[in-house]
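# Tertiary structure, described
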Amino acid sequence: MKAGAKGSILVTGGAGYIGSHTVQALRRRGLQAVVVDNLVTGHRAAVPPDVPFYQADIADQDVIEEIIHTHRVEAVIHFAGRGQVSESIAKPDLYFLENTAKTMQFVSNLIAQGVNTIVFSSTAAVYGSPEAVPIAEEAEKKPLNPYGLSKLMIEQSFEWLEKAYGLRWIALRYFNAAGAALDGTLGEHHDTETHLIPLVLQTALGLREMVSIFGTDHNTQDGTSVRDYVHVQDLAEAHVLAVDALKTGLASGAYNVGTGRGVSDRQVIETVTQETGVCFPVQEKERRQGEPVELVAQAEKIREAIGWQAKHSDLSTIISSAWNWHLRYPSGYQGDVSNH
Ligand SMILES: NC(=O)c1ccc[n+]([C@@H]2O[C@H](COP(=O)([O-])OP(=O)(O)OC[C@H]3O[C@@H](n4cnc5c(N)ncnc54)[C@H](O)[C@@H]3O)[C@@H](O)[C@H]2O)c1
Ligand SMILES: O=c1ccn([C@@H]2O[C@H](COP(=O)(O)OP(=O)(O)O[C@H]3O[C@H](CO)[C@H](O)[C@H](O)[C@H]3O)[C@@H](O)[C@H]2O)c(=O)[nH]1
């Protein structure tokens, strides 16, 4: 595979939901991307055919070294990992291995090869159940589940890698990623879907019998949990800005990526009904284990540091963009839809 004239940005997990939108955002800026993904949850069809793609594990040192040298990798955006809270409670070892140990192996390899700039997918789950919302970056970190801990350990380890080896890093703590590409080319397809918005849309499409609301007796405005949904295209943009900022000297650190606006589970369901014009069955269920009631970001720090703010994250744009994609591709990337 031939390297471009410029250096490249290595996107791990670039065949996944947020990673594929970020590859698209990098290309829009004229930047070269190269993707490594083992396709455990990702889709080959989510990566354009002209983007160099390696089907491999991030812990495969030989492949990573080959990519770094062939494509003159200058910086890394690291999405590869597992992201299901309930699975992490059932299989904590899988999360500490896949998210923590393999990331450490990977980053250690990067440093050995002279790549010292990384933007990392962290999560609001590092905060656990916050004492107050909106949540500031400095708030106490007490993850409620192995998933959150698996990411927090990496953030903390980066501080030591910076002191020892000069690693330059930004951890982006996403709140809830949602929506689909506004041009209709990319969307969210997880074979095991746990996220509220795609589950509700699949119910509206008739692919599921009903949608469940987990917990209706919380101390919130309508009794259901509250989240801060960020359009995936806004999230992608935050990564592009973060790489730029590290290249131009911004200090390492962790940033929330959210809107500062809370949306309840019931509001999501009502907005889907309005946007789609479809009524569907909803059942009320017990709260899920290891889940915080309310997660809303304090979103100023990232705006001040790198000039990022959400542009497409109003709930109706999130839901209409996702609905368009689900209507167009009801089986997602199955059958290798040619999205590009
Ligand atoms: N979706 C969210 O709301 C959300 C919120 C906070 C944090 N995150 C984190 O952001 C990242 C991306 O999330 P997503 O929703 O796009 O998930 P995703 O499952 O769609 O994407 C993850 C990608 O990484 C790949 N992958 C996993 N393990 C790998 C490995 N060992 N080697 C190579 N490739 C591997 C998968 O095949 C997949 O393509 C994850 O690390 C997740 O924990 C997601
Ligand atoms: O069938 C469902 C699915 C979800 N929900 C509710 O919908 C909201 C959003 O739930 P998601 O499963 O869509 O997302 P989570 O907030 O649980 O998880 C997200 O945020 C986490 C941080 O807490 C992690 O970062 C994780 O990767 C990311 O997907 C929650 O209030 C949840 O209780 C339901 O009521 N019914």
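The structure this text deals with has already been given above.
So, a few notes on the structure that sits alongside this text. Values in this document were obtained by computation on a predicted structure and should not be read as measured data.

## A few points about the nonpolar core
- Ranked by size, the top nonpolar core spans 38 residues in total, and within it Val 11, Ile 18, Leu 172, Val 257, Ile 302, Ile 306 and Trp 308 carry the most contacts.
- For this core, the secondary-structure elements that each account for two or more residues are strand 1 (8-12), helix 1 (17-28), strand 2 (32-37), strand 4 (73-78), strand 6 (168-174), helix 7 (232-247), strand 11 (253-257) and helix 9 (300-306).
- Top element by residues in this core is helix 7. It accounts for 10 residues.
- Grouped together as the second largest cluster of nonpolar side chains are 26 residues, Val 36, Ala 56, Ile 58 and Ile 64 included.

## Looking at the pairing of strand 5 (residues 117-123)
- Across the 7 residues of strand 5, 7 count as buried, placing the element largely inside the fold.
- As paired elements, strand 4 and strand 5 share 3 bridges and run parallel to each other. Across the sheet, residue Ile 77 finds its bridge partner in strand 5, namely Val 119.
- The pairing of strand 5 with strand 6 spans 7 bridges and is classified as parallel. Its bridge partner being in strand 6, Thr 123 is matched across the sheet by Tyr 174.

## Some remarks on unusual backbone geometry
- With an omega of -5°, the peptide bond running from Val 133 to Pro 134 counts as cis.
- Looking at where Pro 134 falls in the secondary structure, it is placed in the loop between strand 5 and helix 5 (146-165).
- A positive phi is found at Leu 39, a non-glycine position, where the angle reads about 65°.
- Here Leu 39 lies in the loop between strand 2 and strand 3 (53-55).
- A positive phi angle is found at Arg 72, which is not glycine, with a value near 45°.

About the criteria used
- Residues numbered from 1 in each chain as written.
- Chains lettered and ligands numbered in written order.
- Predicted model: local features only at pLDDT ≥ 70, side-chain atom pairs only at ≥ 80, totals over all residues.
- Heavy atoms only, no water.
- Core = buried A, V, L, I, M, F, W, Y, C linked by side-chain atoms within 4.5 Å.
- Buried < 20%, exposed > 50% of the residue type's maximum accessible area, 1.4 Å probe, protein only.
- Helix = DSSP H or I, 4+ residues; strand = E, 2+ residues; numbered from the N terminus.
- Pairing = 2+ DSSP bridges.

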